[in-house]
Structures are given as C-alpha cells and as structure tokens.
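Now for the letters of each chain:
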Amino acid sequence: YIRGVGTNLNFPGSDPSVATFVDGVYYSNTRGVLSDLIGIERVEVLKGPQGTLYGRNAAGGVISVITRKPDNEVNGRFNIEYGSDQRRRFGGGISGPLVDDSLYASFSLSTTERDGHTKNVYQSPTSQECFCDANNPPSKFNGEDSMAYRGALRYTPSDDLEINFAIDYSRDDAIILPKTMYSTTEGANLEGFVWGPQGVATVIADDFEVSSNMAHQFNHMEQSGFSARVDYAISEKLSLISISA
C-alpha cells in the first residue's frame, strides 16, 4: 500500500494497484516479488497514480527496483551469514568488462537455508522437517530453502546506443505456518489449533508451537525470466527506449 491505496490480492490473474517493476519490467503477481533481490543499485517508491508512465496497474503507485549495471570497473561483493535455527545464507556477485568500453557482464547469486523454528506438537509417525512427504504434517514450520541468481550483459557500441540483456531465476521452498486462531470472545486467547473431526480448537501457550494435523503444508514458488532493454539517443532532447521481457 502507498498512501492508503493498495490491494491484498495475490492470486494468479490478479493485478495489484501498487505495481512492482525491476529495470522497467512489470511483475504482475505480488508473490513474484517475494524472492531474493540481488545486485540492487537502488529502490524507488513513487506515489500514485502512475498510469502515464507505468500503465493502468499503477493506480496506487510504483515500487521500482533498479539493478546495478556492469561497467569498466571490476568489482565483487560476497557475504556469509549464520544464525539461529541453523540459518545459513550466502550471497555474492561479480561484474566487470568483457571488452573494454563496449561489452560488460555481471552475475550474482544468493542461497538461504534454515530449519523450522515453530514446533508442531501434533506428531505423526511420518512427520518430517521437510516436505519430503507432503501427505503428512511436518514436525516443524517456518523453515527456509531458497535460491536466486541473475546474470546481465551490457553492450554500448556507441555513445548513442546502449543495450542491456538480463536473465533471472529464483526458487523458494518453505514449510509455511498454518493460520493461527485468535479469539477475544470465546476461550482465553486461543493461540493455536488442531483440526480434529469437528475442528475443535486447542489452546497452546507457546508462541513457537502450533498443533496441526493438516497435510500439504508447504509452499513452492519458482520463477524465471529474461529482459532486453534498448536505449537510443535520437538527439540531445529525444530518446527512444524499448523494453522486451
């Protein structure tokens, strides 16, 4: 939401009223923005409406992500993180010239893994931390397993012409937490539930425990794409931009 204008629709075929663009390419599904963003130069948040430049889907505004363009300077950035619940994250990127003053390239990669930090007190004989068997409830929720990479080529044959080509891929596998039941009118702060034959709620006091015998509690999201952008300066005051994706 930007200035109170937005929508919580995130199913396939829905268009959010706050549009997200990566290097001018429209991401039509809100879930598609949840992957790791790597190799970023800046993020612009523009109040709406932005229909003239960004189209009818930008009534509430625009979140514009600009990636870092490779140039003549060779540079790299790497980081390693380790945290609680066996959280491991690695990220890195490198960019530089392939041909001085005309052809440049960059590549960046990010991976994240973490064990689930919310225990499922409902245990079945086949419960597992991963969703190796989707037909049984997992023993833990809120784990992470994601990977993303992005590669880019930049070609500047003259001062008036610039061509940028990029490919990207991301995958996110997670064991999601079931919706938690809260109540101010019945019971005393119901903080967890178990779906029995009658759907009877069970009170759990620990914020990091839940009781659920529901199977298929996992999330898998995978996306890939490519884009090509051509910038051509017709004159000092007029330029032509073409974006294909």
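Everything discussed here concerns the structure shown above.
Residues numbered from 1 in each chain as written. Predicted model: local features only at pLDDT ≥ 70, side-chain atom pairs only at ≥ 80, totals over all residues. Heavy atoms only, no water.

Chemist: Any chance you could explain the overall build of the protein here in plain terms?
Modeler: Broken down by element type, the protein carries 1 helix and 14 strands. Looking at the protein residue by residue over its 245 residues, the buried ones come to 33%. When contacts within the protein are restricted to residue pairs at least 6 apart in sequence, those whose partners lie at least 24 apart make up 56%. When the accessible surface of the protein is summed, it comes to about 15000 Å², and 54% of that surface belongs to carbon and sulfur atoms. (Helix = DSSP H or I, 4+ residues; strand = E, 2+ residues; numbered from the N terminus. Buried < 20%, exposed > 50% of the residue type's maximum accessible area, 1.4 Å probe, protein only. Contact = heavy atoms within 4.5 Å. Areas by Shrake-Rupley, 256 points an atom, 1.4 Å probe, with all protein chains shown as cover.)

Chemist: Teacher, can you tell me more about the sheet that holds strand E11 (residues 161-175) here?
Modeler: Two orientations exist for strands paired in a sheet by backbone hydrogen bonds: parallel and antiparallel. Taking strand neighbours across the sheet as the criterion, the 7 strands line up as E5-E6-E7-E10-E11-E13-E14 in an open arrangement whose pairing is antiparallel. Of all the strands in the sheet, just strand E5 (75-83) and strand E14 (239-244) have a single pairing partner and so form its edges. Averaged over all neighbouring strand pairs, the angle between strand axes comes to 10°, with direction disregarded. Bridge count between strand E6 (residues 87-99) and strand E7 (residues 103-114): 11 bridges; the pairing is antiparallel. Bridge pairing links Gly96 to Ala105 in E7. (Pairing = 2+ DSSP bridges. Axes fitted to C-alpha atoms, helices over the stretch in contact; angles between N-to-C directions.)

Chemist: Looking at this structure, how should I read the sheet that holds strand E9 (residues 140-141)?
Modeler: Across the sheet, 3 strands lie side by side as E9-E8-E12; this open sheet has mixed pairing. Lying at the two open borders of the sheet, with one neighbouring strand each, are E9 and strand E12 (209-210). Pairing of strand E8 (residues 118-120) with E9, which is carried by 2 bridges, proceeds in the antiparallel orientation. Following the sheet pairing, Thr118 is matched in E9 by Phe141.

Chemist: Where do I start with the pairing of strand E10 (residues 143-158) in this structure?
Modeler: Each regular strand displays side chains that alternate between the two surfaces of the sheet. Pairing geometry for E7 and E10, over 12 bridges, is antiparallel. Residue pairing in the sheet places Glu113 in a bridge with Asp145 of E10. Alignment of E10 against E11, held across 14 bridges, turns out to be antiparallel. Its bridge partner lying in E11, Asp145 is registered against Asp173. As consecutive antiparallel partners, E10 and E11 are separated by 2 residues.

Chemist: For this particular structure, what's the right way to read unusual backbone geometry?
Modeler: Residues other than glycine predominantly adopt negative phi, and peptide bonds predominantly adopt the trans conformation. Look at the link from Gly48 to Pro49: it is a cis peptide, with omega at -5°. Turning to its location among the elements, Pro49 is positioned in the loop between strand E3 (40-47) and helix H1 (51-54). Here Arg3, not a glycine, exhibits a phi torsion of approximately 55°, which is positive. Among the structural elements, Arg3 can be located in the segment before strand E1 (18-22). Under the relative-accessibility criterion, Arg3 is labelled exposed at 61%.

Chemist: When you look at the packing of aromatic side chains in this model, what are you seeing that I'm missing?
Modeler: To describe a pair of aromatic rings, you give the distance between the ring centres and the angle between the ring planes. This structure, assessed with the given rule, holds 5 aromatic pairs. By the ring-pair criterion, three or more aromatic residues cluster together here, those being Phe21, Tyr26 and Tyr54. (Phe/Tyr/Trp six-rings, centres within 6.5 Å; stacked < 30°, edge-to-face > 60°.)

Chemist: Before we go on, may I ask you to explain a nonpolar patch on the surface in this structure?
Modeler: A cluster of nonpolar side chains, Leu98, Val99, Leu153, Phe165, Ile167 and Phe226, forms an exposed patch at the surface whose accessible area comes to about 540 Å². Every element with two or more residues in the nonpolar patch is listed here: E6 and E11. You can see Leu153 is positioned in strand E10. (Patch = residues over 30% accessible without salt bridge, like charges linked within 9 Å, V, L, I, M, F, W, Y side chains within 5 Å. Salt bridge = Lys/Arg side-chain N within 4 Å of Asp/Glu carboxyl O.)

Chemist: Would you mind going over the pairing of E6 with me for this structure?
Modeler: Inspection of the sheet shows E5 paired to E6 by 9 bridges, in the antiparallel sense. Bridge pairing links Arg77 to Gly93 in E6. Remark: 3 residues form the turn of the hairpin made by E6 and E7, two consecutive strands paired antiparallel; Asp101 in that turn has positive phi of roughly 65°.

Chemist: Please clarify how the pattern of salt bridges should be interpreted in this entry.
Modeler: For side chains of opposite charge, pairing can occur when their charged atoms come near one another. Applying the stated criterion across every chain yields a total of 13 salt bridges. For Glu162, the salt bridge goes to Lys69, with nearest N and O atoms at 2.9 Å. One end of the pair, Glu162, is in strand E11; the other, Lys69, is in the loop between strand E4 (61-67) and E5, and 93 residues separate them in sequence. Across the pair Arg114 and Glu144 runs a salt bridge, and its minimum N-O distance is 3.5 Å. Remark: Glu144 occurs in strand E10 and Arg114 occurs in strand E7; sequence separation between them is 30 residues. Look at Glu144 and you get partly exposed, because its relative accessible area is 28%.

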